[in-house]
Amino acid sequence: MSTTRRTFLQNSTLAAAGISIVPRHVLGGPGYIAPSDQVNIALVGAGGRGKNNLKSLLPLEDVRLRAIADPAEYWDLSNFYYRTYAGRLPIQKFVEDHYGDDYEVATYVDVREMLEQEKDLDGILCATPDHTHAYISILSMRAGKHVYCEKPLTHNIWEARKIKEVAEETGLATQMGNQLHSSNSIRGAVELLQARVIGDVHEVHAWVPATRWIESLKGMPATGTPMPQGLDWDLWLGPRTDRDFHSSYAPVTWRDYWDFGCGAMGDFGCHDLDAAVWGLKLPAPESVVLHPAGFSNRDIAPYGEIGYYQFPATDHNPAIPLTWYSGGLQPRRPEGLPTEVALPRRGSMYIGEKGILLYGGREGIQLFPESLKTPEREDPSTLPVTNGHHRDWIDAIKGGPQASSHFGYGAHLTEITLLGVLSLRLEGQKIHWDAENMKAVGLPDADVFIEEPVRKGWEMA
């Protein structure tokens, strides 16, 4: 039972007995947050993404980070994108320094032990490698915890279906960590698409510059390397088959291996397909094929890719082809795009019957021709206001509106993304997708990637 619900029931009992209750914030002075308003959160996955999430979560005055669970005691991420130190001990210090006044955070190696011991937790934030997202999220929801999970929501399509099912069964507050979903820029693009400012959309293009972390990677490690001190490697592996530790697996570069990560497609699809899926209300695609650029195989993700989704006609749109690019590849310039306008380094483009919408993420939105920029399309204001990606999740925990990238939506967006990953894992084979039966038609080899086998003890049924 959450702190808020427990306090509500206690207060209701007192009120029925004729005992008045003075709010604690009145006694405590300005800025005091009553215990009934406090949300107790645990971080699962104390790496670079975990720390970045905390930078958004810790400033929220009605949130307290109570516990941390991670198999690693310490990671040196100074030579990676994150430029920091992480793991249980550095993140524990980071949190305790933030709160000050001898604040103590409980630390655990195993998330299962944490859930057994920390009964007063209201929610968990999962920022582990992709291959453990589903297990941790489902385990936490089964324990009655609200869940925020980094993208992609899951590592395979069966997990996406399962995590959505459990979220619906439990009714808990959920949010997938595609933080751009709560940005003003994507919401502006979605509103323009839903307002049909460029008319029926006939083509969509989305691209990211992301590549593989280890450019020279050609295969699985033949031998292991020394284990970092304080790492429970068996727990880090989670549902994956046992193998020796290798420094190319962790930290960070696990994304290059299909067993653990999902390559650039999985890393960025839930960000850069979001505006299209949301704004055009795209269903499951009829077919998907992604062609790898550079070396890849059934173990190793490619350097880049170009791929083609075909979405069926719906009540909202005609049939729409969507092309995906990574590794520096970009679409050809369409007619109607002025020669002086450069394509953003990362972005998406929507070609409609009336014109072009070019969306560059934080670089903003551009419409062509200029005649589309009329008062008729200014401030459509069709979407609920967001107070921030993490704030919206906390508000949902406290009984507010459902967060906008809840697991129902997040699972759908993740499945679309993972269909591209599935084609890559099948070395560029075309997927004709039977969404109802969760099958790649005529490709039995796909089954082992749609629902991956797991080690004993890590089942998610």
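Owing to the predicted nature of the structure, the values given are computational and were not obtained by experimental measurement.

Attention shifts here to the sheet that holds strand β10 (residues 287-293). Read from one edge of the open sheet, nine strands run β15-β14-β13-β9-β12-β11-β10-β16-β17, paired in mixed fashion. For this open sheet the edge positions go to β15 (365-368) and β17 (439-440), each flanked by a neighbour on one side alone. For strand β9 (residues 201-207) and strand β13 (residues 347-352), the ladder comprises six bridges, and the chain directions are antiparallel. Note that in β13 the partner of tryptophan 207 across the bridge is glycine 347. Where helix α13 (residues 407-425) meets the sheet, its contacts fall on β10, β11 (304-311) and β16 (431-434), and the angle it forms with β10 comes to roughly 55°.

Turning to the pattern of salt bridges, a few remarks are in order. Within this structure, the stated rule accounts for 22 salt bridges. Arginine 88 is the partner of glutamate 73 in a salt bridge, and the nearest nitrogen-oxygen pair spans 3.9 Å. Within this pair, whereas glutamate 73 is found in the loop between β2 (63-69) and β3 (75-76), its partner arginine 88 is found in helix α4 (residues 88-99), the two being separated by 15 residues in sequence. Because the salt bridges share partners, they merge into one network encompassing Asp62, Arg391, Asp395 and Lys398.

What follows covers the sheet that holds strand β7 (residues 146-150). The strands that make up a sheet are held in pairs by hydrogen bonds between backbone atoms, and each pair lies either parallel or antiparallel. With parallel pairing, the six strands of this open sheet are ordered in space as β5-β2-β1-β6-β7-β8. Because the sheet does not close on itself, it has two edges, and the strands there are β5 (106-108) and β8 (174-177). For this sheet the average axis-to-axis angle between neighbouring strands, irrespective of direction, equals 20°. As judged from the six bridges shared by strand β1 (residues 39-44) and β2, these two strands associate in the parallel manner. The partner of valine 44 across the bridge, within β2, is alanine 69. Sitting on the sheet, α4 touches β1, β2 and β5, and the angle it makes with β2 is about 165°.

Turning our eyes to something else, we now look at the nonpolar core. Generally speaking, nonpolar side chains in soluble globular proteins are found buried as a group. Formed by 87 residues in total, the largest nonpolar core has its most connected members in Met114, Ile124, Leu273, Tyr309, Tyr350, Leu357 and Leu422. With 10 residues, the top contributor of residues to this core is α13. In terms of nonpolar packing, the next biggest core, distinct from the first, is built from 42 residues, Leu43, Ala46, Tyr249 and Ile397 among them.

Attention now goes to the pairing of β13. Taken across its six residues, β13 has six buried, putting it largely inside the fold. Neither face of β13 is left uncovered, since the one carrying Gly347, Met349 and Ile351 and the one carrying Ser348, Tyr350 and Gly352 both have all their residues buried. With four bridges connecting them, β13 and strand β14 (residues 356-359) associate as antiparallel partners. Bridge assignment links serine 348 to a residue of β14, and that residue is tyrosine 359. Between β13 and β14, which pair antiparallel and follow one another directly, the connecting turn spans three residues.

We now examine helix α12 (residues 389-397). Burial runs high along α12: eight of the nine residues are buried. Turning to α12, its buried residues number three or more, namely His389, His390, Arg391, Asp392, Trp393, Ile394, Ala396 and Ile397. Buried residues belonging to α12 abut β1, α3 (48-57), β2, β6 (123-126), β7 and β8. Just past α12, the residue glycine 399 takes up positive phi, approximately 95°.

Scored by pLDDT, the protein has a mean of 91; 90% of the residues are at 70 or more. Note on residues 1-34: pLDDT is under 50 here. Beyond four places in sequence and across chains, it has 23 contacts.

About the cut-offs
Residues numbered from 1 in each chain as written. Predicted model: local features only at pLDDT ≥ 70, side-chain atom pairs only at ≥ 80, totals over all residues. Heavy atoms only, no water. Pairing = 2+ DSSP bridges. Helix = DSSP H or I, 4+ residues; strand = E, 2+ residues; numbered from the N terminus. Contact = heavy atoms within 4.5 Å. Axes fitted to C-alpha atoms, helices over the stretch in contact; angles between N-to-C directions. Salt bridge = Lys/Arg side-chain N within 4 Å of Asp/Glu carboxyl O. Core = buried A, V, L, I, M, F, W, Y, C linked by side-chain atoms within 4.5 Å. Buried < 20%, exposed > 50% of the residue type's maximum accessible area, 1.4 Å probe, protein only. pLDDT = per-residue confidence, 0-100.

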